[in-house]
Amino acid sequence: PLRGEGDVGGFGATWEPVVIELRDKRVLMFMRTNVGRIFQSYSKDGGLHWTPAEPAGLASGDVPCCLGRLPRSGHLMVIWNQSSAAEIRAGYSRGRLSTAVSTDEGKSWGHFRTVAISDGLGNIARVETPPVQHVRANRELGVLPDGYSRHHYPKLAFSQGKVLLLYYTGQVQPGGRFERWKPMVKAVEESWLLV
């Protein structure tokens, strides 16, 4: 249940969960929502029972994310579409693909990096977390820049000492149609994620 929202209340949905086991054997779940944030839940019994979903400290569009554990440091990392409420309203919920690292098993997140970004967005490392409330794109987005693009459905893989950031990308073509989604792979050193 959501508080407020103009005194009408309402509910926010969660879906497309991703999970990772923590060092203390709990399981952390991140979930996609339509309320401007990733939500999280914990299980102490291997996934049979979960704590109530709560907002994580990560601003997000209505998009999925992926969790992983860095092989050298053992730190947690997340890759997702980081966006503010204003950016979501302007049609950019999938315009900035970001990573963040947690050195304390998901209690807090830092080391924010931008993996891919659409024209029309500011290249900022960390988007401030908005209040928890429903956020949707405006019906009329106006004129989008020529380089407007989407980067989404990220995955993580680890190979030969590299972190592989996998995602799909596409740009608007003349006439307003999106080009066919292209799979992308960006191989980075773990140290790049920890700057």
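For the structure itself, look to the data block above.
Residues numbered from 1 in each chain as written. Predicted model: local features only at pLDDT ≥ 70, side-chain atom pairs only at ≥ 80, totals over all residues. Heavy atoms only, no water.

Before going further, it helps to spend a moment on the pattern of salt bridges. Pairing between side chains becomes possible if they bear opposite charge and their charged atoms approach one another. In total, this model carries eight salt bridges according to the counting rule given. The closest approach of N and O atoms between Arg 32 and Glu 16, which form a salt bridge, is 2.3 Å. Here Glu 16 lies in strand β1 (residues 14–21) and Arg 32 lies in strand β2 (residues 27–33), a separation of 16 residues in the sequence. Of the residues examined, Arg 32 reaches a relative accessible area of 11% and is grouped as buried. Measuring nitrogen to oxygen at the nearest pair gives 2.7 Å for the salt bridge that ties Lys 162 to Glu 189. Of the two residues, Lys 162 sits in strand β10 (residues 162–171) while Glu 189 sits in strand β11 (residues 182–189), which places them 27 residues apart along the sequence. Within the structure, one salt-bridge network assembled from shared partners comprises Glu 16, Arg 32, Asp 62 and Arg 136. (Salt bridge = Lys/Arg side-chain N within 4 Å of Asp/Glu carboxyl O. Helix = DSSP H or I, 4+ residues; strand = E, 2+ residues; numbered from the N terminus. Buried < 20%, exposed > 50% of the residue type's maximum accessible area, 1.4 Å probe, protein only.)

What follows concerns the sheet that holds β1. The strand order across the open sheet built from four strands is β1-β2-β3-β4, with neighbouring strands paired in antiparallel fashion. Looking at the sheet topology across the chains shown, the edges are occupied by β1 and β4 (54–59). Going from strand to strand, the sheet's axes swing by 35 degrees on average, the running direction of each strand aside. In the sheet, β1 pairs with β2 via six bridges, with the strands oriented antiparallel. Bridge assignment links Trp 15 to a residue of β2, and that residue is Arg 32. (Pairing = 2+ DSSP bridges. Axes fitted to C-alpha atoms, helices over the stretch in contact; angles between N-to-C directions.)

Attention shifts here to a nonpolar patch on the surface. Judged by side-chain polarity, Tyr 153, Tyr 168 and Trp 181 come together as a nonpolar surface patch covering roughly 290 Å² of accessible area. Summarising the element assignment, Trp 181 is placed in the loop between β10 and β11. (Patch = residues over 30% accessible without salt bridge, like charges linked within 9 Å, V, L, I, M, F, W, Y side chains within 5 Å. Areas by Shrake-Rupley, 256 points an atom, 1.4 Å probe, with all protein chains shown as cover.)

Attention now moves to the sheet that holds strand β9 (residues 149–159). Strand order in the open sheet formed by three strands is β9-β10-β11, and the pairing between neighbours is antiparallel. Edge positions in the sheet fall to β9 and β11, since each has one partner strand and no second. Taken pair by pair, the neighbouring strands of this sheet meet at an average axis angle of 25 degrees, ignoring direction. Pairing of β10 with β11, which is carried by eight bridges, proceeds in the antiparallel orientation. From the neighbouring strand, Leu 166 faces β11, where its bridge partner is Val 185.

Counting residues in each nonpolar core, the largest one holds 17 residues, and the members touching the most others are Leu 28, Phe 30, Leu 58, Leu 67, Val 78, Trp 80 and Trp 109. Those elements that place two or more of their residues in this core are β1, β2, β3 (37–43), β4 and β6 (76–81). In terms of residue count, the dominant contributor to this core is β6 (three residues). When neighbours within four sequence positions are excluded, Leu 58 is seen to be in contact with Phe 30, Gly 36, Arg 37, Ile 38, Val 78, Trp 80, Trp 109, Phe 112 and Thr 129. Of all hydrophobic cores here, the second largest spans 14 residues; its members include Met 77, Ile 79, Val 115 and Leu 165. (Core = buried A, V, L, I, M, F, W, Y, C linked by side-chain atoms within 4.5 Å. Contact = heavy atoms within 4.5 Å.)

Nothing here speaks to function; it is all geometry.
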